[in-house]
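Overview (structure and organization)
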Amino acid sequence: MAESPVSSVPALRRFKPLDPEARLQNLMSHPYEYRAWEDVYREEWTWDDVVKVSHLRVNCIESCSFDAYVKDGIVWREEQNANYPQEFKDIPDFNPRGCGPGCAYAAQMYDPTRIRYPMKRVGERGSGRWQRLSWEQAFEEIADKLLDVISEDGSDCVIYDSGTTNIDAGIGSVMEMHLFMACLGGITIDNWAGVGDLPVGLIQSWGTYMSEGTADDWFRSDYIFIWLANPNYTRQPDAHFLYEARYRGAKVVTVAPDFSPSTLHADRWLNPRQGTDAALALGMAHVLVEEGLYDAEYVKEQTDLPFLVRDDNGRFLRQSDLEEGGADDQFYFWNAATGTKQLATGTWGSEVMTIALDAETDPALEGAHRVRLADGTRVRVRPVFELLRARLAEYTPERAAEITGVPAKNMRVVARELAAAGSAMIFSSWGACKHYHSDLFQRGMVYLMALTGNSGGKPGSGIKVSTWWPFPGFSMFTMGTALASEPREPDPMDRPQMQNVSKLLFALTKQHRRLVPLIPWLYAHDPKFAETAATDAYADPALPRPISEYMDEIFEKDWQPVHPKPPKRPRFLYYSGPNPLRRWPNPRTIRDSLWKSIDTIVTCDFRMSTSGMWSDYILPAAGYYEKPGIKYTISYLPYVVVGDRAVPPLYESKHEWDIVLGLAKKIQERARARGIDDCTDINGNTHTLSNLYDELTVNGLYTEGEKGETRALDYIMANSPITRATDLGEQPWRKAAEDGMVKIEAVPGLFMAMGLNCMMSDFDYSEPLTQFGWFHKQKNPWPTLTGRQQFYIDHEWYLEVGEQLTVHKEPVAAGGPYPLRLNGGHARWSQHSIMRANQQMLRLQRGGPVAYLSHVDARERGISDHDRIRVYNDVGEFVLRAKVSPTVQPGEVICYHAWEGYQFPDGAVQNDVAPAAIKPNNMVGDYGHLQYRGHYLSMNNLPKEVAIEVERVREQS
Amino acid sequence: MTVGREPVRNQLALVFDLNKCIGCQGCSVACKMLWTRGPGEEHQWWCTANTMPGRGTPRDWEQMGGGYRDGELVLGHEPTLEEFGGGWRFNKEEVFFGGKGQSVHLTPTTAEGTPPTWGPNWDEDQGAGEFPNAYYFYLPRICNHCTRPACVEACPSGAMYKREEDGIVLRDEDVCKGSRKCMQACPYKKIYFNHVRRVAQHCNLCFPRLEKGVAPACARNCPGRLVFVGILGDETDPVHRLVYEWKVALPLHAEFGTEPNVFYVPPLSPYRLREDGSIDTETMRIPPEYLESLFGQRVHEVLATLRREMERARAGESSELLDTLIVYQWKTLFGPFGKEPAVVSAAKEEGR
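Scoring rules and cut-offs
One numbering rule holds for all chains: residues counted from 1, following each sequence as written. Chains and ligands are labelled sequentially in the order written, the chains with letters from A and the ligands with numbers from 1. Given that this is a predicted model, residues contribute local features only at a pLDDT of at least 70 and side-chain atom pairs are listed and counted only at 80 or more, while totals for whole chains, interfaces and linings are drawn from all residues. Water and hydrogen atoms were dropped before computing side-chain values, which therefore reflect all heavy atoms in the structure. In this description a helix means any DSSP run of H or I spanning at least four residues, a strand means any run of E spanning at least two, and both kinds are numbered starting from the N terminus. Atoms counted for the radius of gyration: C-alpha only. Globule rule: 2.2 Å times the number of residues to the power 0.38. Here's how the labels work: a residue is buried when its accessible area is under 20% of the maximum for its type, exposed when over 50%, partly exposed in between, all with a 1.4 Å probe on protein chains only. Throughout, a contact is declared for two residues whenever any of their heavy atoms are within 4.5 Å. In this description, accessible areas are obtained by the Shrake-Rupley approach with a 1.4 Å probe, and a residue is regarded as covered only by the protein chains that are shown. A residue counts as positive if it is Lys or Arg and as negative if it is Asp or Glu; His and the chain ends are not included. Charge coordinates come from a single atom per side chain, which is NZ of Lys, CZ of Arg, CG of Asp or CD of Glu. When DSSP finds at least two bridges between two strands, those strands are taken to pair. A clockwise path from the first strand over the helix to the second, with the strands pointing away from the viewer, defines a right-handed crossover. Pairing of aromatic side chains here covers Phe, Tyr and the six-membered ring of Trp, requires ring centres within 6.5 Å, and sorts the geometry by plane angle: under 30 degrees stacked, over 60 edge-to-face, intermediate tilted. Criterion for a charge above a ring: Arg CZ or Lys NZ at most 6 Å from the ring centre, at most 35 degrees from the ring normal. Lines fitted to C-alpha atoms define the axes here, with helix axes fitted over just the stretch in contact, and angles between the N-to-C directions of these axes take values from 0 to 180 degrees. How sure the predictor is of each residue is captured by pLDDT, a score from 0 to 100. Buried area: the accessible surface (1.4 Å probe) lost by two parts on joining, summed over both. Any carboxyl oxygen of Asp or Glu that lies within 4 Å of a side-chain nitrogen of Lys or Arg is treated as forming a salt bridge with it. Any pair of nitrogen or oxygen atoms within 3.5 Å is treated as a polar contact; in protein, a donor-acceptor pairing is required on top of that, and neighbouring residues in sequence qualify only through side-chain atoms on both sides. In this classification, the charged set is Asp, Glu, Lys and Arg, the nonpolar set is Ala, Val, Leu, Ile, Met, Phe, Trp, Tyr, Cys and Pro, and all remaining amino acids, among them Gly, are polar. Two kinds of site are reported from a 1 Å grid over the protein atoms alone, namely cavities, where a 1.4 Å probe fits but cannot get out, and pockets, open sets with protein on both sides within 12 Å along at least five of seven lines, and residues are called lining when an atom falls within 4 Å of a point. Grid points are joined across faces, edges and corners, and a volume is the space filled by probe spheres set on the points.

With that settled, consider the overall build of chain B. Regarding its fold elements, chain B presents 12 helices and 16 strands. Relative to the compact-globule value of 20 Å for 352 residues, chain B shows a C-alpha radius of gyration of 21 Å, a close match. Counting every position in chain B, which comprises 352 residues, the buried fraction comes to 66%. Residue pairs at least 24 apart in sequence account for 67% of intrachain contacts in chain B once pairs closer than 6 positions are excluded. In the structure as shown, chain B presents an accessible area of about 11700 Å², 49% of it carried by carbon and sulfur atoms. With 41 positive and 47 negative side-chain charges, chain B shows a spacing of 5 Å between the two charge centroids.

What follows is the structure, encoded as structure tokens:
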């Protein structure tokens, strides 16, 4: 650490600066005669060819077009293709995009330890002893093992982990998913919550979490929170909009326990104790309500605050309470204009699909009334707002200050500034989801935004999480069951009702059950993992029943699907790109139990990962610049970024497109040879394995190699909902690849709503896009039980733990009774683990895993900077080096994301200390919008806030 | 030889706006990928972005001496390979394919086979102060292509020079004898030694790019959009205006006496917290003395100017200074160097 940084001040004060004008006049050269040598450097900056590329399969939550400079058949280096035109003269443009790791991919591409050819292990798993195979041999062995499992136990014992780093939105990933999901009838792991990326609090409040517009909307905000997020690390291409906004007049407030890297350019920093963010939000909400700073008209229309709740049981007043045979998904408010209770429109059970209020409707926020139930009893009912007020009374800023450590005065200042701002946003993305009570924090954020009318709709507002345009590649499929040969007609639906979309997706999930959420799946199939996860001491002490009982009920009621159903067990696991043994919670335990019991494990990747080390087969995938594809279509920019093939696949690697088709061909061949014809999956669908390849390729239409690739890509560019309106000419793929990007001209309404792609606003890029226009401007109901932003959740499991409204709860002691808490987040230096071993990235750090400690905690434990330390708790441990910093809050230990297991002694990983604590109400069902569907309500992976201790350990000899 | 000195016709200059730097090191990486991946260049990072306060790279460079004092050239310390650090190798082959299982793990070693002790970004995100009033910011640094380049004066072989067309300071690597006097003379310690080729090397301001109208890689790569490239003396140029008209871009360690041509808009910082934890809206947390030690006495007035302009913006008034710093159109960062590199014809092609 620097000593006094001001030691040169005395020298400085003696120095008289030169007069600037004189300086310019006296600027002399030192000429040189023999300048021809300069050509050496001029010749270095030469190339043969420039190809537009992108980092196709990286889940970086960004999308950037690059130029790959090819020289002598080698990709020498890359540089951003900074050709995004100025969209609006008063909004900064999108150029140049890119990030540190992205600008060094060419270094990794030629790393001598890249996977060069198919390999099979010859030692124990994890021994690092490999035998080279030809592709033919690899395909044959894998196909046979696959067919063994399918014919012996069924296709539900075949598990495909699509992970999150397998997102070529063009043809590679999509073909792969199609093989495993549609053609083999296998089980796919739903990793959204499995990686800890599920904003459960937003799901509880809004029935969706896809909350984002285009990134240039951030520039229009007047008040910007950066909360449980670190965009300076994780949004390198778009973070500039935040700081340009600041120059424009916005105030930036960072909320983090530590002085985080995203606090540097903030105006204010609120530093709550780790895990007390709900209290902070409630303390500020208290100010908004007490001082009358909330937007009453907004909350009457857009939230459930006027909805009536029964005093006797704490449940919403329902039609079924008042009438025989009444609906239990229709609700009431008190109409102050008429002096009567009134059935609300736009609720889950209502047929009136609007939340607009007319002149005769004025929902009361205050007051209490008595109603007569169907059975004759009279109960007192009050609007949610009254209950909210009572809850907020418990969270005066003074009380919130005691809990959080943030002074009351600071909360008052910020709350008032928030209320006074024209528009406000909270940048809070996936990092906010990884604490046990993250849902309570996020509900608190929703309270603040909803109370001030900032949940979206207007420029520069909303909780910014991120969302995607519809993936172009999926246009190749008709209802996800077969590749299309004919283009689909655009759907005439203009602006779908999100509630109906939700209901449809829930129904489809129940019918087509092949997507299974990770944590329940691990719980069901790994008894050792389950034992740790079900430790009651690691969960909310307010839970009246043991975790294991809750899990039993969840499985009995089928609230979270698990396949194969025990006693059947997973027997074949295939993943390409993801890194399960690094990423899963408590991976050391799993490695020694469930992982061991899976017969065949296949990794497909361009590099060696921890999971690759522990698998049976490794298939070499081509690198990002060695195949054509489409970068996933993050909605930050109104462009589809594509990447072309700059050089052929290195060594014997193949495009995943070819790998999948090659495998499918072999499966078909072996199925015919072995007399295996059909298999029936768990939904009762039949899959003809002996015709697998023919079906997959639509009878030879989409085959291996460049011709098949181009045909598929032409189809996609011509027909995908987001590119079909852009004129790409006769050879649409060629045109797109030449530019590296395609401007999105239109997004049909239906596609603004399906699956992930939920901006839920009309696509009208005459100004930057903000989310949730359909609710705010068109007054469509929110996709929740009440049809509103829901402050109150009256599910039994929420009531029994006091979470019907949000509340502060102390961080759970997950991992044991230890005094320090692990924190972290995604790294500046890598997208997940992909670049963690990139030499150039490691040289810009300390070469290996590190954790940041506060001065206080380091001193108490006799730890100095760069000492080796052991981080441990009752679940596991790992060893790495300490960085001591005054930016860290005492009690906090910060270990950023995704170091590989082979970077720690003994193959440990960071998640070895994470027990996968369970919060049952994150997995409920049968409650309007709270039930499972793919990439939706489930238990998050929780690496943050785990309780740990740290001690110094000796240097290795 | 430096005979017949003419004024520099168009001195190139850069301005880094430290209020937008997020420390992504895209600049460092861009430079490394373009120029320093050859033998003897493993530890060379001509562009670095250090966390400040911090010991920087090379370690404690600010105390290593060099430059000018009272008009006289001063030779300071020549940074060692260990003080630069960062050229580490990794035992990947052993770990991935060596068949040793978990008994080995990926370990960095220096060229001498020892564990790393320093690197180009060793003290990343550590900073100074005491919790909760810790503070830091990022400081990207390249060669300053100084008006009084101490390195040129110190070179005993006459290998170094400052170009008359644009003021770029270069070294004829064919003539360089490896005396390393330039490394002793440069007070910014931005000169590296190539132990394989036995010559010194440093940032060449991407002159092959500039000559074709393309901005340097560090500037063009920066996703923060904070690196201005321009020509001093051109009164319409944003760089000139930031330095001489608005006077918000300051030299780093002007007391070193070399008159650098890279300037910085100094960093604002979040307000300090008082003893009772409340926000002191009068005081930013980076101590003014510290900023003064880097950027000189004028730093206080520059920060006040920025804050005043931001208040005016908040009140709805327009500010040409802020419009310039916001950079609505990215290309305007680069003045006459806004050409796209991919469409520039490569000399290699032309030579064929």
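Moving on from the model shown.
Our next topic: the pairing of strand β16 (residues 424-427) of chain A. All names here are of chain A. Of the two faces of β16, the one lined by Ala-424 and Ile-426 and the one lined by Met-425 and Phe-427 are each fully buried. Direction of pairing for strand β8 (residues 223-227) relative to β16: parallel, over a ladder of 4 bridges. Among the inter-strand pairings, Ile-226 is bridged to a residue of β16, identified as Phe-427. Alignment of β16 against strand β17 (residues 462-464), held across 3 bridges, turns out to be parallel. Across the sheet, the residue bridging to Met-425 is Gly-462, located in β17. As for the winding sense of the linkage, the β-α-β connection from β16 through helix α16 (residues 438-451) to β17 is right-handed.

Aromatic rings considered in pairs are described by the distance between their centres and by the relative angle of their planes. Applying the stated rule across the entire model yields 71 aromatic pairs over all chains. Ring plane angle 25° and centroid distance 6.2 Å describe the contact between A:Trp430 and A:Trp468, whose orientation is recorded as stacked. With A:Trp430 in the loop between β16 and α16 and A:Trp468 in the loop between β17 and β18 (477-478), this pair connects stretches of sequence that are 38 residues apart. Considered together, A:Trp430 and A:Trp468 belong to a single accessibility category, that of buried residues. Relative to A:Tyr936, the ring of A:Phe506 lies with its centre 5.7 Å away and its plane at 65°, an arrangement referred to as edge-to-face. Taken as a pair, A:Phe506 in helix α17 (residues 498-511) and A:Tyr936 in the loop between β33 (892-896) and β34 (947-952) lie far apart in primary sequence, 430 residues in all. With respect to class, A:Phe506 is no different from A:Tyr936; both count as buried. Among the aromatic residues, those joined into a cluster by ring pairs are A:Trp192, A:Tyr209, A:Trp430, A:Trp468, A:Phe471, A:Phe474 and A:Tyr632. Against the face of A:Tyr936 rests A:Arg933, its NZ or CZ located 4.0 Å from the ring centre. Above the face of the B:Trp45 ring, B:Lys32 is positioned so that its terminal group lies 4.6 Å from the ring centre.

Okay, the sheet that holds strand β3 (residues 74-80) of chain A next. Residues and elements named next belong to chain A. Pairing in this open sheet of 3 strands is antiparallel, and the strands run β1-β2-β3 from one edge to the other. The open sheet terminates on both sides in strands that have one partner only, identified here as β1 (49-53) and β3. When the angles between neighbouring strand axes are averaged without regard to direction, this sheet yields 30°. As defined by bridge partners, strand β2 (residues 66-71) adjoins β3 across 6 bridges and the pair is classed as antiparallel. Each bridged residue has a counterpart across the sheet, and for Ala-68 the counterpart in β3 is Glu-78.

Now for the confidence of the model for chain B. All names here are of chain B. Overall, the prediction assigns chain B a mean pLDDT of 95, with 97% of residues at 70 or greater. Taken together, the stretch residues 347-352 has pLDDT below 50 and engages in 12 contacts with residues farther than four places along the chain or on a different chain. For this predicted complex, the interface confidence comes out at an ipTM of 0.97, alongside a pTM of 0.96.

With that out of the way, let us pick up the interface of chain B and chain A. At the junction of the two partners, chain B supplies 148 residues and chain A supplies 134 residues. If you sort the residues of chain B by the area they bury against chain A, B:Gln102, B:Gln126 and B:Phe131 come out on top, with a joint share of 6%. The interface formed by chain B and chain A contains 12 salt bridges. Across the pair A:Glu244 and B:Lys20 runs a salt bridge, and its minimum N-O distance is 4.0 Å. Linking chain B with chain A are 59 residue pairs in polar contact (both at pLDDT 80 or more), by the criterion used here. Ranked by residues supplied to the side of chain B that touches chain A, first place goes to helix α1 (residues 26-35) of chain B with 6 residues. Here the residues of the side of chain B that touches chain A are counted per class, giving 68 nonpolar, 39 polar and 41 charged.

Turning next to empty space enclosed by the protein. Residue and element names in this part refer to chain A. Estimates place the volume of the largest cavity at around 640 Å³. Forming the boundary of the largest cavity are 47 residues, of which Asn-230, Tyr-233, Thr-234, Arg-235 and His-826 lie nearest the centre. When contributions to the lining of the largest cavity are tallied by element, the ones reaching two or more residues are α8 (231-234), β29 (820-825) and β33. Taken together, the residues of the lining of the largest cavity break down into 20 nonpolar, 18 polar and 9 charged. Considered as a void within the structure, the second largest cavity measures approximately 240 Å³ in volume. Looking at the second largest cavity, it is lined by 17 residues, and the ones nearest its centre are Cys-895, His-897, Gln-910, Asn-911 and Pro-943. Breaking the lining of the second largest cavity down by element, the ones donating at least two residues are α21 (580-583), β29 and β33. At 4 residues, the largest contribution of residues to the lining of the second largest cavity is made by β29. Grouping the constituent residues of the lining of the second largest cavity by class yields 6 nonpolar, 7 polar and 4 charged.

Residues and elements named next belong to chain A. Judged by pairing direction, the sheet is antiparallel, and its 3 strands sit side by side in the order β11-β15-β14 without closing on themselves. For this open sheet the edge positions go to β11 (308-310) and β14 (369-372), each flanked by a neighbour on one side alone. Direction aside, the axes of adjacent strands within the sheet are offset by 45° on average. In this sheet, strand β15 (residues 378-383) lies alongside β11 in antiparallel orientation, the contact comprising 3 bridges. Following the sheet pairing, Arg-310 is matched in β15 by Val-381. Most of the contacts of helix α13 (residues 384-393) go to β15, to which it runs at about 70°, and overall it touches β11 and β15.

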